[in-house]
Amino acid sequence: MNQNTPITEVKGIGEKTAKLFAKLDIYHVGELLSHYPKDYETYAPPIPIAQIKPGELCAVRAFVSAIPNQKRIRNLDILNVVIKDDSGAMQVTFFNMPFLKKVLKPGACYVFRGLVQSRGNAKVMEQAKYFTIDEYYKQMNVLMPRYSLTKGLTNKTVQKAVRQALSVYTFEKECFSQDFLQKQGLMSRKDAIQETHFPENMQGVLQARKRIVFDEFFFFLLMLQKNKEVSSALPNAYQMFETADTVRFLEQLPFSLTKAQKKVWGEIRDDMGSSYCMNRLIQGDVGSGKTIVAVLALLMCAANGYQGALMAPTEVLAMQHFENITRDTQQYGLAFRPVLLVGSMTAKEKRAAYEKIADGEANLIIGTHALIQNKVEYKNLALVVTDEQHRFGVRQREMLAEKGNQPHVLVMSATPIPRTLAIILYGDLHISVINELPANRLPIKNCVVNTAYRPKAYAFIADQVAQGRQVYVICPMVEEGEQEDVENVVEYTAKLKSILPSNVQTAYLHGKMRPADKNRVMEEFAAHNIDVLVSTTVIEVGINVPNATVMMVENAERFGLAQLHQLRGRVGRGAHQSYCIFVSANEKKESMERLQILNQSNDGFFIASEDLKLRGPGELFGVRQSGELSFRMGDIYTDAAILQQASEAVEMILRKDQNLESEEYKPLREYLLKADENMVDFRSI
Ligand code: ADP
Ligand code: MG
């Protein structure tokens, strides 16, 4: 069995289970094995009843103090059990488990574990799991992996499938020598995969993580470096000069550029007019106004008689760019003849677009990955722009550039990374920074609250909608069943609809919807036919609806602060006062304090690094800091030290053996070649 074996060949995975796995994009054994746990659950020691706080998952060691009370409401069988320890008493509620009445007899002592909620002044643990004292203490030392799931698929099923697959799996030969691994302090790939899924202890988990993340970074950087040799300082095949078009456009705009935008626009103009080909990254925080700078560059390109392309990571974003630019083109009489190209267009629509691109009728091509398909032939592509660069593989950026004859390259990213890291990641690019926001912005008002605040939040939302504003609500999960104690988009939307006034239009959006449906919902939101949009973090990328003034994030404790900061960037984009409500389901002091950092700063990088300081290594699982540069496991902030190590290793190897010809490094070259053929994105291995 190898990575390309279909998962249906794994013993125990039938058609039905395979369909569930398919929802998670797991079709082959390789994908199954790299479906790494999100985090690990451990059973913490029981605590006294008096010390528990609502909203926490905890365990208490207590005895049943009275005969359980059983009642039936419609088809729900409810069993209420009162338990006691030295410090106090509380209620445990079980649904549809009537047989427990015989087990939980007065005087019986167990450990009860579950999520505690407050009901009035009382605390109630719902649908607790119960263990004998012995059982519980045995479990306490075990790390239980928790996977991303989908409705119908349980942790147990995933774990069983992984165990079964691993038992008959043949690992590919290591790309690294024994000596190298030892010097780098890395375990074998095989052990790392084993340990990640079936960990012995936290130490082992961290070691395994180190190896897997090292590989992700190493191959990503190796490719970047190999790539760099070719692309440095190419002669400028499309020397162009500023025309009256851009000047006139700037004069007509309702706002003037910020100082930072002017500076970056100047750098771009200089690049495109110089004797070398432009290769530039624009880094600027969310809302800093990167788009207009790119549009100016594209306009200069069109005015010089060339084609330009703008590639975005999602259809929603591509369509948004297309619509805005088309509108500006008409309004200001710009020299653009734009065309849209995205995957969800019909074959006929695509063919029409291909024709316009090939014969030069279109001089601005806006789209998604569809722009780099083989079928697309450009007439005279002189500038390629990628928006939200971190969402793409390096290879994709490169492929767009290869579409033309060494066109100018401009990439845009909101990733708040320090300069040193930017040099590692974007070593082949010049960097421009937009480090100020447009002046008309009112600072966003933030609050960090617990779930008890919800009724107030809903009233506030209703009020903002009544004033004509729009609202985002973010939930971590898509649908019921992915994870028990976390809010999901589908159910939350139903709940909101029943709470908000009936004239408030509420809809949802998530990554598992068909692209066409996503586009439709986004368009409706942009057109203000939807007032409240409940969404997963898909909304994080680039969306610009200046009329939206409220961002409410449920289970905010589950997100990295840098990611919350990106989410926050979806509001505060217009002239109205905007608000962020971060709802934490966890009332622990540390959790609230961490979220308070968002109040202190608007600097994405500062926020991310403060977040890191507050967490221990074991707590880093399940929290993606960046939500960007999407490696499967690695995270550029959390794993900054491994990133540095991988970067040094790549440099050392290339210094010794530039072309990877020696016996020791040949496997690396073969690996690169194979990956290149299959167009594998190195971030997702
Ligand atoms: P991002 O950098 O996150 O991509 P956008 O380019 O989407 O940000 O810009 C956000 C909003 O700010 C847009 O509505 C845009 O029209 C507006 N904007 C851009 N530059 C300025 C400026 N100098 N003054 C006022 N508003 C601006
Ligand atoms: Mg943007």
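The shown structure was predicted, so the numbers you read here are calculated from the model rather than taken from an experiment. (Residues numbered from 1 in each chain as written. Chains lettered and ligands numbered in written order. Predicted model: local features only at pLDDT ≥ 70, side-chain atom pairs only at ≥ 80, totals over all residues. Heavy atoms only, no water.)

Draft legend 1. Broad picture of the site of ligand 1. Around ligand 1, a shell composed of 16 residues is seen, among which Q261, G287, K290, T291 and R441 lie nearest. Q261 is positioned such that a nitrogen or oxygen atom in its side chain is 2.9 Å from a nitrogen atom of ligand 1. N544 is positioned such that a nitrogen or oxygen atom in its side chain is 3.0 Å from an oxygen atom of ligand 1. Protein contacts shield 86% of the accessible area of ligand 1, which totals 570 Å² for the unbound molecule. When atoms are counted within 2 Å of each cavity's grid points, the one that captures over half of ligand 1 is the second largest pocket. Tallied by class, residues from the shell around ligand 1 come to four nonpolar, eight polar and four charged. (Near = heavy atom within 4 Å. Polar contact = N/O pair within 3.5 Å; in protein donor to acceptor, adjacent residues only side chain to side chain. Areas by Shrake-Rupley, 256 points an atom, 1.4 Å probe, with all protein chains shown as cover. 1 Å grid on protein atoms, 1.4 Å probe; cavity = no way out; pocket = protein on both sides within 12 Å on 5 of 7 lines; lining within 4 Å. Sits in = over half its atoms within 2 Å of the grid points. Nonpolar A, V, L, I, M, F, W, Y, C, P; charged D, E, K, R; others polar.)

Draft legend 2. Here's a closer look at the packing of aromatic side chains. Per the counting criterion, the structure on display carries 20 aromatic pairs. When the ring of F131 is compared with that of Y136, the centres are 5.4 Å apart and the planes differ by 70°; the resulting orientation is edge-to-face. Using a relative accessible area of 11% as the deciding quantity, one classes F131 as buried. Ring pairing ties together the aromatic residues F176, F180, F214, F218, F219 and Y671, which thus form one cluster. (Phe/Tyr/Trp six-rings, centres within 6.5 Å; stacked < 30°, edge-to-face > 60°. Buried < 20%, exposed > 50% of the residue type's maximum accessible area, 1.4 Å probe, protein only.)

Draft legend 3. Highlighting the state of the cysteines. Summed over the entire model, instances satisfying the criterion amount to zero disulfides. Summary of cysteine pairing: C580 is not part of a disulfide, and the nearest cysteine sulfur, belonging to C447, is at 8.6 Å. (Disulfide = S-S within 2.5 Å.)

Draft legend 4. Spatial organisation of the layout of surface pockets. When its volume is computed, the second largest pocket comes out at roughly 1,300 Å³. Taken together, 47 residues make up the lining of the second largest pocket; nearest its centre are T291, N324, N544, P546 and R573. Per element, the largest residue contribution to the lining of the second largest pocket is 10 residues, and it comes from helix 12 (residues 315-332). For the lining of the second largest pocket, the class distribution of residues is 20 nonpolar, 17 polar and 10 charged. Split by domain, the lining of the second largest pocket shows at least three residues from each of two domains, domain 4 (236-434) and domain 5 (445-601 + 603-619). (Points joined across faces, edges and corners; volume = space filled by probe spheres on them. Helix = DSSP H or I, 4+ residues; strand = E, 2+ residues; numbered from the N terminus. Domains from an automatic or database assignment.)

Draft legend 5. Region of the structure containing the side chain of Q577. Examined against the element boundaries, Q577 turns out to sit in the loop between helix 19 (561-568) and strand 22 (579-584). A relative accessible area of 19% means that Q577 is categorised as buried. At a separation of 2.9 Å, a polar atom in the side chain of Q577 contacts the main-chain carbonyl oxygen of P443. Residue contacts for Q577: discarding those within four places in its chain leaves L442, P443, I444, K445 and T549. (Contact = heavy atoms within 4.5 Å.)

Draft legend 6. Structural view of the sheet that holds strand 18 (residues 470-474). Ordered by their spatial adjacency, six strands build an open sheet running 17-22-21-18-20-19, and the pairing between neighbours is parallel. Where the open sheet ends on each side, the last strands, each with one partner, are strand 17 (445-450) and strand 19 (506-509). Averaged over all neighbouring strand pairs, the angle between strand axes comes to 20°, with direction disregarded. Examined bridge by bridge, strand 18 and strand 21 (residues 548-553) share five bridges and lie parallel to one another. Within strand 21, the residue paired with Q470 across the bridge is A548. The strands that helix 18 (residues 515-526) touches are strand 18, strand 19, strand 20 (532-535) and strand 21; relative to strand 19, the one it contacts most, it runs at about 140°. (Pairing = 2+ DSSP bridges. Axes fitted to C-alpha atoms, helices over the stretch in contact; angles between N-to-C directions.)

Draft legend 7. Highlighting helix 11 (residues 290-303). Across its 14 residues, helix 11 extends 20 Å between first and last C-alpha, which sits within 8% of the 20 Å expected from 1.5 Å per residue. Among the 14 residues in helix 11, 12 count as buried, and that is most of the element. Considered for burial, the residues of helix 11 that qualify are K290, I292, V293, A294, V295, L296, A297, L298, L299, M300, C301 and A302. Just past helix 11, the residue G305 takes up positive phi, approximately 90°. (Expected span 1.5 Å × (residues − 1).)

Draft legend 8. Looking closely at helix 18. Here helix 18 is 12 residues long and its end C-alpha atoms lie 16 Å apart, about the 16 Å a rise of 1.5 Å per residue gives. Among the residues making up helix 18, those that are buried are K518, N519, V521, M522 and F525. On an axial view of helix 18, the arc spanned by its buried residues comes to 165°, and they lie on one face. On the buried face of helix 18, the contacting elements are helix 12, strand 18, strand 19, strand 20 and strand 21. Phi turns positive, to about 65°, at H528, one or two residues after helix 18. (Arc of directions from axis to C-beta.)

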